[in-house]
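# Fold and contact review
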Amino acid sequence: MTLAALSIDVDALPHYHRVHGLPPPAADGPDPVTTRAVDRFGELCDRLGVRGTAFSVGRDLDVPAAAAAVRRLHAAGHEVANHSLSHRYDLARLPPAAIADEVRGGADAIARVTGAPPVGFRAPGYTLSPALVAALADQGYRYDSSAFPALPYYLGKAAVMAALALARRPSGAILDRPRVLLAPRAPYRPRADEPYARGALPLLELPVATGLLGFPLTGTFVATLPPRALALLARGARRRPLLALELHGLDLLDASDASPALAARQRDLRVPAAVKLDRLAAFVRATADGEWMTLAAAAGRLGAC
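The notes below deal with the structure included here. (Residues numbered from 1 in each chain as written. Predicted model: local features only at pLDDT ≥ 70, side-chain atom pairs only at ≥ 80, totals over all residues. Heavy atoms only, no water.)

### So, the packing of helix α2 (residues 33-48) against helix α3 (residues 64-75)
- Running from amino to carboxyl end, α2 crosses α3 at an angle of 10 degrees, the nearest separation of the two axes being 8 Å. In this view, α2 runs roughly parallel relative to α3, as classed from their interaxial angle. On α3, the residues that touch Thr34, Thr35, Val38, Asp39, Phe41 and Gly42 of α2 are Ala65, Ala66, Ala69, Val70, Arg72 and Leu73.
- Of the residues in the contact of α2 with α3, the class split is seven nonpolar, three polar and two charged. (Axes fitted to C-alpha atoms, helices over the stretch in contact; angles between N-to-C directions. Helix = DSSP H or I, 4+ residues; strand = E, 2+ residues; numbered from the N terminus. Parallel < 35°, antiparallel > 145°, perpendicular 65-115°, else oblique. Contact = heavy atoms within 4.5 Å. Nonpolar A, V, L, I, M, F, W, Y, C, P; charged D, E, K, R; others polar.)

Here you go:
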């Protein structure tokens, strides 16, 4: 592995409630993901001496506290990328005009807060479609980082969604097409009619990191798995041109930060945030053979190859 990037999806708490089929959390102050987790991401990057990428949801930036946290990240030299206007899990299934509006609206919100339009995108729920990559290409994006060919994640998500449906508490998430499991695990240019295949679009796809047998190397697992198990499951990832380590806001929070209902269903929230941060820092340091940078910088390097 030569390049590595640390990123965070800034999905506010209501989105996690939707995934678990829970009612919205009580609005009793600033959302801990868009404020506390964003600040902790900046602190983690400072601790490691790296610059990272935060994928922000446009509508969340209407809240002054969330906008201030993102503005601090940008001022410190981190990249702020687009996670859509409203984080609709069915974004890829919308009509092309609605998709384009969601992409553009998220970008406009970020530009208002940071003064810089985003050059990267990550789809809610990692789900791509030809219409979505066409919108990204038309709007001049340098890269997308959504493809997630992780079989254990896909099967686990399908099982959880089925269980919630049987419990009459359907998830707000959607299951991607099985074709995603055949997507390349190394950076590639997508095909216009099939974003999970190599093609010639003027856009780089930077897949989320996976390891042995497609195991998902995301912050949740890095922060909760025993180091020996993680080292085994990470095999193969370091030999690719890019290791895109993706975190979610909850990876930097614990049960004291979330609603009791969510904490009861997200097992990773039972691990103290300080422990998670230590484990994430240890994993990044263990990949010291890689050069850590923002996803935008990695796209620039890889696109020039």
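### Notes on the pattern of salt bridges
- Under the counting rule described, the total for this entry stands at 12 salt bridges.
- For arginine 72, the salt bridge goes to aspartate 39, with nearest N and O atoms at 3.1 Å. Taken together, the residues span a long stretch of sequence, with arginine 72 in helix α3 and aspartate 39 in helix α2 at a distance of 33 residues.
- You can call arginine 72 partly exposed: its relative accessible area is 46%.
- Looking at aspartate 39, the relative accessible area reads 28%, which means it is partly exposed.
- Between glutamate 291 and arginine 301 there is a salt bridge, and its shortest N-O distance comes to 3.0 Å. With glutamate 291 in strand β10 (residues 291-292) and arginine 301 in helix α11 (residues 295-303), the pair connects residues that are 10 residues apart, well separated along the chain.
- Relative accessible area serves as the criterion here: at 42%, arginine 301 is assigned to the partly exposed category. (Salt bridge = Lys/Arg side-chain N within 4 Å of Asp/Glu carboxyl O. Buried < 20%, exposed > 50% of the residue type's maximum accessible area, 1.4 Å probe, protein only.)

### As for a nonpolar patch on the surface
- Taken together, Leu212, Leu213 and Leu232 make up a surface patch of nonpolar side chains, about 280 Å² in accessible area.
- The exposure class assigned to leucine 232 is partly exposed, which follows from its relative accessible area of 38%. (Patch = residues over 30% accessible without salt bridge, like charges linked within 9 Å, V, L, I, M, F, W, Y side chains within 5 Å. Areas by Shrake-Rupley, 256 points an atom, 1.4 Å probe, with all protein chains shown as cover.)

### Section: the packing of aromatic side chains
- For the structure on display, the rule yields five aromatic pairs.
- With a centroid separation of 6.3 Å and an interplanar angle of 80 degrees, the aromatic rings of phenylalanine 121 and tyrosine 141 are classed as edge-to-face. With phenylalanine 121 in strand β4 (residues 120-121) and tyrosine 141 in the loop between α5 (130-138) and β5 (143-144), this residue pair connects regions lying 20 residues apart in the sequence.
- Classification of phenylalanine 121 by relative accessible area gives buried; the value is 0%.
- Taking the relative accessible area as the measure of exposure, tyrosine 141 reaches 4% and is therefore buried.
- Ring geometry for phenylalanine 148 and tyrosine 153: centres 4.9 Å apart, planes at 45 degrees, overall tilted.
- A relative accessible area of 4% places phenylalanine 148 in the buried class. (Phe/Tyr/Trp six-rings, centres within 6.5 Å; stacked < 30°, edge-to-face > 60°.)

### With respect to unusual backbone geometry
- Positive phi, close to 85 degrees, is recorded for serine 84, a residue that is not glycine.
- As for its position among the elements, serine 84 is in the loop between β3 (79-82) and α4 (96-114).
- The exposure class of serine 84 is buried, given its relative accessible area of 1%.

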